[in-house]
Structure formats: structure tokens, C-alpha cells
Amino acid sequence: MAARITITNPDGRTRWFTLEKGDSLTVGRGTENDIIVVDHRASHQHCTITAADDGYRVTDHDSEHGTLKNGERIDTAELKDGDVLTIGDTTVELTLPWMGTGTAASGSRRRNAWRTAGMFAASLCIIVLAAAGAFYIARNLRLGGSDGSPTVQSVSITTTPPGAMVFIDGRFVDVTPLSEVLLPPGPHAVRITKAGFAVHTRSIEVAGRPVVLQDIALEPAASGSAMIETDPPEVEVFLDGEPKGTTPLLLTDIPPGEHDLRLQKTGYVIHYDKLQIEPDTETAYRSRLKISQAESYLGLLKEEPNNCSYYAQLAHVYLLHGWVDEAIENFETAVELVASGADTSNYNPRLRELLTKIYGDLVIQWGTAEQVAKVRKEIDRIILELLAKYPDKRFLWDWQVAFIGGVGIPMNKEVVRDYIRQNPDGGAVFGIFTAEEYAKKGDLAQAIEILETALEELPDDYRLYYTLGKLHWDRVKKG
């Protein structure tokens, strides 16, 4: 027994097909498919429906929009009577042979026997009527109506190139070459479409003889263009497998429709996508490629999410590629793992060494002065916020002083002010500790400036005055 497959197009038009046991039907927009759907959201080869000995099954062919069975996306699934598949905006409903199992009461068997006999008789009547109807249609087609006028005629269409979709009076008929489509007499609108070619339309008049439209030459559609930009630049561009150059790149004279795009650069993950081109239109396409080394660390972090060393190295990789915001985010996570005691890698000394190098030697490795200033400011913020959160972690103070001392730049007054505002109770201690560290290095001017800045926020703290007095006395003694 065969299954009935009913296709309902987005405009409501319906067609149906049969699927015999052991056969399969491939559905998609391509001309090599068994079932061609007129739906821009359907892939070239979308899915295949198979009738095996053990039942019916649908398999999706990695389509862009997926195949849905009763509203749920599937890769492959078994089918039963009444299941509905969704392909883009097209629906596919299956009516499968009834394969009942189990036993029934004797009365039921008798009723089923009578029902079977009745169905056989009804089927016989339908066959007789269908045969009579077919004879009538054939007679009218060849001989005309009772008044001698034709009732229907055949239409045949061929195109160059073949494989174009033919719509008659708004309804999809088939793809070219098309032969012996029966139409009633009168005018009819024909529309022929094929990807990469302009739409061909014409009117035909069906009268007393077959209509033959032979070798209709389809005109190439107006081409489009695409501007391809990437981060990073100088990425190789391949369109439909052909090398086109490196980004930023303007591609011209591209046939309309969907094209395969591939972007690749050493050190980055190859990027695949679909590029949709419209006639007489420039498409803007921008993509940021993933860094191969960064993806490796991200994979390791999925297995060990509290490993500070992975976050630190990931941040370093991002910095070397100019991804400042991503680097700062991962440095912040790494420092907090150490400060909170959650780090599983014991990376504390190495992290301080890495941050000191980045804070002090960044401009030698990469980037502009503005990027360097941004990274330093963000490291200051990270340390201050974590000091407010973990006030007993004195090593963070030591880190901050080491960063600034390693670069040889003055303590950022805003760093002192921000920390005191966030943590007034520990602000005086922070100011005193930092000032004393500078005093030990002989930089009394910097130490005094830190305390004076702290006093602007804490004017009544005697500890700041006391330490400031000592530093002034030390300056006097040293002349």
C-alpha cells in the first residue's frame, strides 16, 4: 500500500504525491529533487521521506531553517499517520496505510467482514464511474464539446536553460521541459522563474490546437555586489569555493541568489556562511572571526571553570589580537578567583607577573597609547573593587603598588579617591600603606601626594595626619 503525501505551499496551493514501500522522495528547491517546493526558506535539498519495510522516516539534510515534525525540529524521525512536517513556510502532511494489529471479538469480525464487502462494492462503483469520466474527458479533448468547440487543450513549454519553474495563472505546475499540461480555453498568464535569471512572463490563448512554447531564452538577472569586512582584516574570501581576495573586499557581478561564503586566516577558526545577493544591490557583510587559541582555552574552561591560569592566558591571547574588552573581562575573573580562594590552578605568582608585565610593557607588545591607558585604568579598577570586596587580602595592595612602581608612573589620584569612596573604613589604611611603600622606595613626594588625596576624602582621620607629619619630617631631615 502507498502513503499519500500532501504538500501545501505558502500561498495555500496543494499538491499530493504517493510513496510506495521501498521508495523515497527528496524534497527541496532544486530541480533534481522528487518534490520541488516553491519556498525561499526551503534549502536546495531539504529532506528525504523514506518508506522502509519497518515504517516511514524523514531525514533532514542539514537544512538552514530545519525540518519540523509537528512543530519540533528534528534531524531524523519516524513518521506515523497524520504527522505534519514544516519545511520553511511549506507543510507536508502524511496519510499512511492503516496497519492494524491485535484481536477483536467475533461480532466485530462479522461487522468488519460486512464493512469490507461494502467498501469493495463502493470501490468497484468508483472505478466504473472514473472510467466513464475518463472516456468523456478524452472524447471532449479530441472531439470537442457537444457543439464541436474544444473544452481543454495541452500546453508544452521548454526553456534555455532547462529546469525553470512554471506558474500558470499563479499556480505552480512543474519545471521545464513541460509537456501536455491540460488547460481550459481562454487566456492564461504564464510566469517562468529560475535562480540567477530574470522572471519571464507572457500571456497565452488556449483555443482549438495545442500550445507549444519552445526554447524560451531566459535572460540572466541583474547582478549584485557585496562588501565583505572582517575583524581582523586581511582575511581570505572564498565565494562558492573560488578565491576572491582578502578583506576588506568589494565583490561585484555576483549572480542573484544564495552563495556559499568562506572566510579564513591563519590563527583563526574558518568561518562559513550563506551570502544572499539581490539584483542591483550592494550587500554589506561583516564578521568577527573566532581566535583558534582562544577557542582552545574556552574549551578547557568548560572542563575546569575555576582555573585561573586558563582565564589569564585567554585574556593574554585576546590582548595580543587587540580584543581589549574581552581581555579585561577575563583578567577580572582570574584575579577574583585568586582573591576569593577559588582558584584550582595555584597561579597566584604567575598572575601577578603577567599583570605587571602587561601593566608596564604593554606598549612594546601591541596597541596604541589609548589602549594601554584603558587597560591600566581597568586593572586599577579591578584591584580597587576587589580590595573593597576582600579587605583582608593585603596582597592586592602589594600588587597595585608593584604595578605602578614597575611602570614608574605616579599613583593615579582617582585610584585612591575611588577606593576610599567605595570602602571608607579601609580607605585610610589603604592610603597609609600605599604612601609608606612609596616612602620606602625614596619617593616622598609621591607618598605625600597620596596622603593629601586621601585627606580630601577623609579630612577628620587623625591617622592620615600623623603619617603625613612623619613624611614631612623625613623630608626635612633629608634636606
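What you see is a predicted model, and the numbers here were worked out from it, not measured in a lab.

Parameters at a glance
Residue indices follow the written sequence of each chain, beginning from 1 at its first position. Whole-chain, interface and lining totals are the exception, using all residues; otherwise, since this is a predicted model, local features are given only for residues with pLDDT of at least 70 and side-chain atom pairs are given and counted only at 80 or more. Note: side-chain values were computed over all heavy atoms of the structure, leaving out hydrogens and water. Here, strands pair whenever DSSP counts at least two bridges between them. Runs of E in the DSSP output that reach at least two residues are strands. Runs of H or I that reach at least four are helices, and both are numbered from the N terminus. Orientation is described by axes fitted as lines to C-alpha atoms, over the contacting stretch for helices, and by angles from 0 to 180 degrees between their N-to-C directions. The pLDDT value tells you how sure the predictor is about a given residue, anywhere from 0 up to 100. By definition, residues are in contact when any of their heavy atoms lie within 4.5 Å. Put simply, two rings from Phe, Tyr or Trp (the six-membered ring, in Trp's case) pair if the centres are within 6.5 Å, and we call them stacked under 30 degrees between planes, edge-to-face over 60, tilted for the rest. Geometrically, a lysine NZ or arginine CZ counts as sitting over a ring once it is within 6 Å of the ring centre and also within 35 degrees of the ring normal. The cut-offs work like this: below 35 degrees is roughly parallel, past 145 is roughly antiparallel, 65 to 115 is roughly perpendicular, and the gaps in between are oblique. Crossing chirality is assigned from the near helix's rotation relative to the far helix, an anticlockwise turn below a right angle marking it left-handed and a clockwise turn marking it right-handed. Nonpolar residues are Ala, Val, Leu, Ile, Met, Phe, Trp, Tyr, Cys and Pro. Charged residues are Asp, Glu, Lys and Arg, and all others, Gly as well, are polar. Under the scheme applied here, a residue whose accessible area is under 20% of the maximum for its type counts as buried, over 50% as exposed, and between as partly exposed, the area being computed with a 1.4 Å probe on protein chains only. We define a polar contact as two N or O atoms separated by no more than 3.5 Å, with the added condition that, inside protein, one atom must be a possible hydrogen donor and the other a possible acceptor, whereas residues neighbouring each other in sequence contribute only through side-chain atom pairs.

Undergrad: How should the sheet that holds strand β23 (residues 257-264) be read in this particular structure?
TA: The strands making up a sheet associate through backbone hydrogen bonding, with each pair oriented either parallel or antiparallel. Sheet architecture is open: four strands sit in the order β21-β20-β23-β24, paired in antiparallel fashion. Both edges of this open sheet fall to β21 (242-246) and β24 (271-277), since each of them pairs with a single strand only. Neighbouring strand axes in the sheet, compared pairwise and without regard to direction, differ in orientation by 30° on average. Sheet topology places β23 next to β24; seven bridges connect them, and they run antiparallel.

Undergrad: Any chance you could explain the confidence of the model for the chain here in plain terms?
TA: Low-confidence regions, as indicated by low pLDDT, have predicted coordinates that should not be scrutinised in detail. A residue-level look at the chain finds 84% of positions with pLDDT of 70 or above and a mean pLDDT of 80. Scored below 50 in pLDDT, residues 98-117 makes one contact in the model with residues more than four places away or belonging to other chains. Note on residues 134-147: pLDDT under 50 across the span, and 11 contacts to partners over four residues away in sequence or across chains.

Undergrad: Just to check I follow, could you spell out the packing of aromatic side chains for this structure?
TA: For any two aromatic rings, the description comes down to two numbers: the centre-to-centre distance and the angle of the planes. Taken as a whole, this structure holds four aromatic pairs when the rule is applied. Between Phe167 and Phe172 the ring centres are 5.6 Å apart and the planes differ by 65°, which places this aromatic pair in the edge-to-face class. Over the aromatic face of Phe167 sits the side chain of Arg191, whose NZ or CZ is 4.3 Å from the ring centroid. Against the face of Phe238 rests Arg262, its NZ or CZ located 3.9 Å from the ring centre.

Undergrad: Which parts of the structure should I look at to understand the packing of helix α10 (residues 444-457) against helix α11 (residues 462-477)?
TA: Helix-helix packing: each pair is described by the crossing angle between the helix axes and the interaxial distance. Where α10 contacts α11, the axes come no closer than 10 Å and their chain directions differ by 155°. It follows that α10 is roughly antiparallel to α11 by the angle criterion. With respect to the hand of their crossing, α10 and α11 are arranged in left-handed fashion. Facing Leu444, Ala445, Ala447, Ile448, Leu451, Glu452, Ala454 and Leu455 of α10, the residues of α11 in contact are Leu464, Tyr465, Thr467, Leu468, Leu471, His472, Asp474 and Arg475. Grouping the amino acids of the contact of α10 with α11 by side-chain chemistry returns 11 nonpolar, two polar and three charged.

Undergrad: How should the environment of Thr344 be read in this particular structure?
TA: Along the chain, Thr344 turns up in the loop between α4 (324-340) and α5 (348-365). Given a relative accessible area of 47%, Thr344 falls into the partly exposed group. With 38 residues separating them along the chain, Thr344 and Asn306 place their C-alpha atoms 5.8 Å apart. Filtering out sequence-adjacent residues up to four positions away, Thr344 remains in contact with Glu304, Asn306 and Asn307. Among the polar contacts made by the side chain of Thr344, one reaches the side chain of Glu304 at a distance of 2.8 Å.

Undergrad: Can you help me understand the pairing of β23 in this one?
TA: For strand β20 (residues 236-239) and β23, the ladder comprises four bridges, and the chain directions are antiparallel. Directly across from Val237, in β23, lies its bridge partner Leu263. In textbook terms, the turn of a hairpin is the stretch between consecutive antiparallel strands, and for β23 and β24 this stretch comprises six residues, one of which, Gly267, has a positive phi near 95°.

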